[in-house]
Amino acid sequence: MEFKIYVPEKEKGFHSKGYLFRKSISDSQKDQWTVIIGSSNISQAALKTSVEWNLINNEEISEFDEPGVLAKSVLEEFDELWDSEYSKEYSDEFLISYR
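Residues numbered from 1 in each chain as written. Predicted model: local features only at pLDDT ≥ 70, side-chain atom pairs only at ≥ 80, totals over all residues. Heavy atoms only, no water.

Q: Looking at this structure, how should I read the overall build of the protein?
A: Helix and strand content of the protein: three helices and five strands. The secondary structure elements of the protein, listed N-terminal to C-terminal, are β-β-β-α-β-α-β-α. Since a compact globule built from 99 residues should have a radius of gyration of about 13 Å, the 16 Å found for the protein marks it as more spread out than a globular shape. Based on the C-alpha atoms only, the size of the protein along its principal axes is roughly 50 × 35 × 25 Å. (Helix = DSSP H or I, 4+ residues; strand = E, 2+ residues; numbered from the N terminus. Rg over C-alpha atoms; globule rule 2.2 N^0.38 Å.)

Quick look at the structure:
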């Protein structure tokens, strides 16, 4: 696994929460992307007891290994952020300096 931390300029906030999962179903079914976009963190309280709004969308992957419309849009935005100069490699040193 590879981790990065997105640290935008001070004038620009970043509070997006999106979760992307690619799941292999079976040989007889197509793989799918699950996209969750919403206000909650992935925690028990956020998902079970807090008032949060989330959208979950499941899309089959096409025969040409292409995601559906929503998953493709989210993946493109994710890749742009991941490759950004503001995405920093995760390390203990970075976390200590980030505090």
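Q: Help me understand the pattern of salt bridges in this model?
A: Oppositely charged side chains may form a pair once their charged atoms are brought near each other. Applying the stated criterion to the full structure yields three salt bridges. Where E89 meets K4, a salt bridge forms, and the shortest distance between an N and an O atom there is 4.0 Å. Within this pair, whereas E89 is found in strand 5 (residues 87-89), its partner K4 is found in strand 1 (residues 4-6), the two being separated by 85 residues in sequence. Of the residues examined, E89 reaches a relative accessible area of 47% and is grouped as partly exposed. The partly exposed category is assigned to K4, whose relative accessible area is 24%. (Salt bridge = Lys/Arg side-chain N within 4 Å of Asp/Glu carboxyl O. Buried < 20%, exposed > 50% of the residue type's maximum accessible area, 1.4 Å probe, protein only.)

Q: I keep staring at the packing of aromatic side chains and nothing clicks. Help me out?
A: Aromatic rings considered in pairs are described by the distance between their centres and by the relative angle of their planes. Tallied over the entire structure, the rule returns three aromatic pairs. A centroid spacing of 6.3 Å and a plane angle of 75 degrees characterise the contact between Y6 and Y86, whose relative ring orientation is edge-to-face. Note that Y6 is positioned in strand 1 and Y86 in the loop between helix 2 (69-82) and strand 5, a separation of 80 residues in sequence. With a relative accessible area of 16%, Y6 lands in the buried category. (Phe/Tyr/Trp six-rings, centres within 6.5 Å; stacked < 30°, edge-to-face > 60°.)

Q: Mind showing me how you'd approach helix 2 here?
A: Since the α-helix turns once every 3.6 residues, residues separated by three or four places project in the same direction. Here helix 2 is 14 residues long and its end C-alpha atoms lie 20 Å apart, about the 20 Å a rise of 1.5 Å per residue gives. Check the buried side of helix 2 and you find it contacts strand 2 (18-23), strand 3 (32-38) and strand 4 (54-60). (Expected span 1.5 Å × (residues − 1). Contact = heavy atoms within 4.5 Å.)

Q: Looking at this structure, how should I read the nonpolar core?
A: Soluble, globular proteins show a tendency: their nonpolar side chains are buried together. Judged by nonpolar contacts, W33, V35, I61, A71, V74 and L75 together constitute the single largest core of six residues. Of all the secondary-structure elements, those providing two or more residues to this core are strand 3 and helix 2. For this core, the element with the highest residue contribution is helix 2, accounting for three residues. (Core = buried A, V, L, I, M, F, W, Y, C linked by side-chain atoms within 4.5 Å.)

Q: Looking at this model, I keep getting lost on the environment of A71. Mind explaining?
A: Residue position: A71 is located in helix 2. The exposure class assigned to A71 is buried, which follows from its relative accessible area of 0%. Along the sequence, A71 and N58 sit 13 residues apart, while their C-alpha atoms lie 8.5 Å from each other. Ignoring anything within four residues of it in the chain, the contact list for A71 reads W33, V35 and E59.

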